[in-house]
Amino acid sequence: PVLEARDLRKEYKMGGHRVNALDGVNFQVEKGEFVAIMGPSGSGKSTLLHLLAGSIAQHGGITLADQNLARLSEHKATLVRRHNVGFVFQFFNLLPTLSAEENILLPVI
């Protein structure tokens, strides 16, 4: 697999309660596959993507392009993600200080 998630878990505190956003998620993506993550609002889709992107702390393991992300420095993990992952966001995430061309070219910098 080019991407493997093992036992991913994420818990949030909301007021005095704990909410399991993800509880033991496992999946693999093989080279050449396209994957869509779908579900109702609040089902953990964004949380899963944030975990895969390394933007929030994780419980569980993520292997991307034969690299265990937890064992890489932040810089090396960023390079692995940059060369192997693409996201299509629900809402546009353009930087208003950049032109349209600069926003498009941002990932290749």
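This structure is a prediction, so every number in the text was calculated from the model and none was measured.

**Brief notes about unusual backbone geometry**
In this model, Ala65 sits at a positive phi of 50 degrees, which is unusual for a non-glycine residue. Within the secondary structure layout, Ala65 lies in the loop between strand E3 (59–64) and strand E4 (67–68). Even without being a glycine, Asp66 presents a positive backbone phi close to 65 degrees. Structurally, Asp66 is set in the loop between E3 and E4. Its relative accessible area of 68% is what places Asp66 among the exposed residues.

**Overview of a nonpolar patch on the surface**
Together, Tyr12, Met14 and Val19 line one region of the surface with nonpolar side chains, adding up to about 270 Å² of accessible area. Looking at the secondary structure, you find Tyr12 in strand E1 (residues 3–14).

**Re the side chain of Thr63**
Following the sequence through the fold, Thr63 ends up in strand E3. The buried category is assigned to Thr63, whose relative accessible area is 19%. A polar side-chain atom of Thr63 sits 2.9 Å from a polar atom in the side chain of Arg6. The contact partners of Thr63, leaving out residues within four places of it in the chain, are Val2, Leu3, Glu4, Arg6 and Asn68.

**A short note on the pattern of salt bridges**
Overall, the coordinates contain five salt bridges when judged by the stated rule. For Arg18, the salt bridge identified is with Glu11, shortest N-O distance 3.0 Å. Since its relative accessible area comes to 59%, Arg18 is described here as exposed. The class for Glu11 is partly exposed, based on a relative accessible area of 37%. Measuring nitrogen to oxygen at the nearest pair gives 3.2 Å for the salt bridge that ties Glu74 to Arg81. Under the relative-accessibility criterion, Glu74 is labelled exposed at 54%.

Conventions adopted
- Residues numbered from 1 in each chain as written.
- Predicted model: local features only at pLDDT ≥ 70, side-chain atom pairs only at ≥ 80, totals over all residues.
- Heavy atoms only, no water.
- Helix = DSSP H or I, 4+ residues; strand = E, 2+ residues; numbered from the N terminus.
- Buried < 20%, exposed > 50% of the residue type's maximum accessible area, 1.4 Å probe, protein only.
- Patch = residues over 30% accessible without salt bridge, like charges linked within 9 Å, V, L, I, M, F, W, Y side chains within 5 Å.
- Areas by Shrake-Rupley, 256 points an atom, 1.4 Å probe, with all protein chains shown as cover.
- Salt bridge = Lys/Arg side-chain N within 4 Å of Asp/Glu carboxyl O.
- Polar contact = N/O pair within 3.5 Å; in protein donor to acceptor, adjacent residues only side chain to side chain.
- Contact = heavy atoms within 4.5 Å.

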